[in-house]
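Here is what each chain is made of, one letter per residue.
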Amino acid sequence: MQYLSTRDKSLRLSAAEAITMGLSRDGGLFTPVAFPNLGTLDLKTLCGMDYQRRAAYIMGKYLEQFRPEDLEQFSRNAYGPETFDHPGVAPLRKVDGNTWCLELWHGPTSAFKDLALQMLPQLLSYSLKKTGEEKTACILVATSGDTGKAAMEGFANVPQTKILVFYPENGVSEIQKLQMVTQEGDNVGVCAVKGNFDDAQNAVKRIFSDEVLRKDLEEKGYFLSSANSINWGRILPQIVYYISAYCDLLNTGEFKLGQKVNFCVPTGNFGNILACYYARKMGLPVGKLICASNCNDVLTDFIRTGIYDRNRPFHTTISPSMDILISSNLERLLFDLSEWDDGLVRDCMQQLNETGRYEINGEMKTRLQSLFYGGFCGERETETAITEVYRQYGYLVDTHTAVAARVLTDYRRETGDDTPAIFASTASPFKFCDSVLNAIGRTPEADSLDRIAQLQEISGVTAPVRLAALRGKEVRFKEVTEKAGMENIVRAFLQ
Ligand SMILES: *Cc1c(COP(=O)(O)O)cnc(C)c1O
């Protein structure tokens, strides 16, 4: 399979090159030239496999350059019992008669990012070998909270890589921050940024396109790469769990092959829901893609009006990993909806850069709306959703998952479409103890780690071992920088 750039479709790269580079030099995102079809036979075969083998099988369709036995090994490393605390890796949990929840937080950092970031370092290491790259990859990450930790957990002590994470100083939960600043490993660095996630992400993108810096780093034996969801090596492992969830439904015996299912995904950078869209393109019987936002509702408006407009206040919410006004992966959807019009994509992205706004044409809008539904909910509704799911089903969800649960309910009420649906559960509630405790009417303990024990006691659910183990860990990283200082932090890190 070859890969092109959303801003230059004449480009052709191998998977190994696309994964190594992360982002195209023209600023575009790498996208496969075709989406392999999943036939009935494939789905039946996949139903008989465990998660590890499903992952190797599906990824193999995009990575012919990689040996199947190597992919199987990567999959065992990524999704084995040392990293995931559930044998199903990404298990489905039935919530009511026609609603399921896809639990994506059984990995080492208790967020769905682990599914991709336990795999990406292995794909990258292999790609470095394949492409004969001898320089060290320096992974720069801007994080809204979960990516940073999951990326470091994946890349810690991986040879020929270093990883530097920037997070918004006041834009992540206390547990998320603790997870990051206590990260172990000789090749990792963490720095807080004065600003919000978009500021950090924009600065990282600028650093990527800085030719002077690129040359300087090259001389020192480094090149920059990305573990953000713009990297194809992150989107690909995410396609797997949508297909796997469908197989699990089939295996319950309550569901017929070919029967449609809707997915509702709590969305920020548009990576997770894009993977679901790609699974649908491969032939997975997906009905509606329901895109759930918090009060940073730029995507809801886009899906409803065809106008993307980031000129609006940025809200810091209790679902911080969705506090994003520039959803990078939307570019891949635009490319697809426009039937590969790279000129159109370039124009849109230029307008977004210059005016913060662009509008798609009528045809694209029709396609967009036939595929997607956009909805959002505010802080109060998020809290209510946590309480309601807890009261009705005895099931504790985190703040991000609550947004999805709520928007799914809104969707069903508004459209009357009660197709069986799966909502993605993207983080463990124990990562956001504070907000979850408040939502269920309890006063959180003063200390953020005490709250983990508190929530555990109240809910009767055991907290993920690694979160509980944060107590007493040494804080290794205390640096804070202005946006303008980020480049210097990169230079210092790579001395
Ligand atoms: C990253 C994240 C999201 C948003 O996912 P995108 O792929 O950026 O749309 C939602 N929930 C949680 C818990 C996250 O960490």
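Our structure is the block above this text.
Residues numbered from 1 in each chain as written. Predicted model: local features only at pLDDT ≥ 70, side-chain atom pairs only at ≥ 80, totals over all residues. Heavy atoms only, no water.

Caption draft 1: Focus on the overall build of the protein chain. Assigned secondary structure in the protein chain consists of 22 helices and 16 strands. Relative to the compact-globule value of 23 Å for 495 residues, the protein chain shows a C-alpha radius of gyration of 21 Å, a close match. The buried share of the protein chain, reckoned over its 495 residues, is 62%. Of the contacts formed within the protein chain by residues at least 6 apart in sequence, a portion of 75% connects residues at least 24 apart. (Helix = DSSP H or I, 4+ residues; strand = E, 2+ residues; numbered from the N terminus. Rg over C-alpha atoms; globule rule 2.2 N^0.38 Å. Buried < 20%, exposed > 50% of the residue type's maximum accessible area, 1.4 Å probe, protein only. Contact = heavy atoms within 4.5 Å.)

Caption draft 2: Structural context of the pattern of salt bridges. Counted by the stated rule, this structure contains 27 salt bridges. Where glutamate 254 meets lysine 94, a salt bridge forms, and the shortest distance between an N and an O atom there is 2.7 Å. On the criterion of sequence distance, the pair formed by glutamate 254 in the loop between α11 (232–251) and β10 (261–266) and lysine 94 in strand β4 (residues 92–96) is long-range, its members being 160 residues apart. With a relative accessible area of 49%, glutamate 254 lands in the partly exposed category. (Salt bridge = Lys/Arg side-chain N within 4 Å of Asp/Glu carboxyl O.)

Caption draft 3: Layout of the site of the ligand. Near the ligand there are 15 residues, and of these Lys113, Asp146, Gly268, Asn269 and Thr426 occur at the shortest range. Measuring from an oxygen atom of the ligand, one finds a backbone N or O atom of asparagine 269 at 2.7 Å. Measuring from an oxygen atom of the ligand, one finds a backbone N or O atom of phenylalanine 270 at 3.0 Å. Here the ligand loses 98% of its free accessible area of 380 Å² to cover by the protein chains. (Near = heavy atom within 4 Å. Polar contact = N/O pair within 3.5 Å; in protein donor to acceptor, adjacent residues only side chain to side chain. Areas by Shrake-Rupley, 256 points an atom, 1.4 Å probe, with all protein chains shown as cover.)

Caption draft 4: Structural detail: helix α6 (residues 120–131). Helix length check: α6 (12 residues) gives 16 Å between terminal C-alpha atoms against 16 Å at 1.5 Å per residue, within 8%. Just downstream of α6 lies glycine 132, where phi reads positive at about 70°. (Expected span 1.5 Å × (residues − 1).)

Caption draft 5: Local environment of the packing of aromatic side chains. Evaluation of the coordinates by the stated rule reveals 21 aromatic pairs. Ring centres 5.8 Å apart and planes at 40° place the aromatic pair phenylalanine 270 and phenylalanine 372 in the tilted group. You can see phenylalanine 270 sitting in the loop between β10 and α12 (271–281) and its partner phenylalanine 372 sitting in strand β14 (residues 372–376), a full 102 residues away along the chain. Side by side, phenylalanine 270 and phenylalanine 372 carry an identical accessibility label, which is buried. The structure contains a cluster of three or more aromatic residues connected by ring pairs, namely Tyr3, Phe35, Tyr62, Trp232, Phe270, Tyr277, Tyr278 and Phe372. For the cation-ring pair, lysine 162 lies above phenylalanine 493, with the distance from its terminal atom to the ring centre recorded as 4.6 Å. (Phe/Tyr/Trp six-rings, centres within 6.5 Å; stacked < 30°, edge-to-face > 60°. Lys NZ or Arg CZ within 6 Å of the ring centre and 35° of its normal.)

Caption draft 6: How the structure looks around the sheet that holds strand β1 (residues 2–5). Pairing within the open sheet is antiparallel, and its three strands lie in the order β2-β1-β3. Of all the strands in the sheet, just β2 (8–14) and β3 (30–32) have a single pairing partner and so form its edges. Taken pair by pair, the neighbouring strands of this sheet meet at an average axis angle of 40°, ignoring direction. Taken together, the three bridges between β1 and β2 define a ladder with antiparallel strand orientation. In the strand pairing of β2, glutamine 2 is matched with serine 14. (Pairing = 2+ DSSP bridges. Axes fitted to C-alpha atoms, helices over the stretch in contact; angles between N-to-C directions.)

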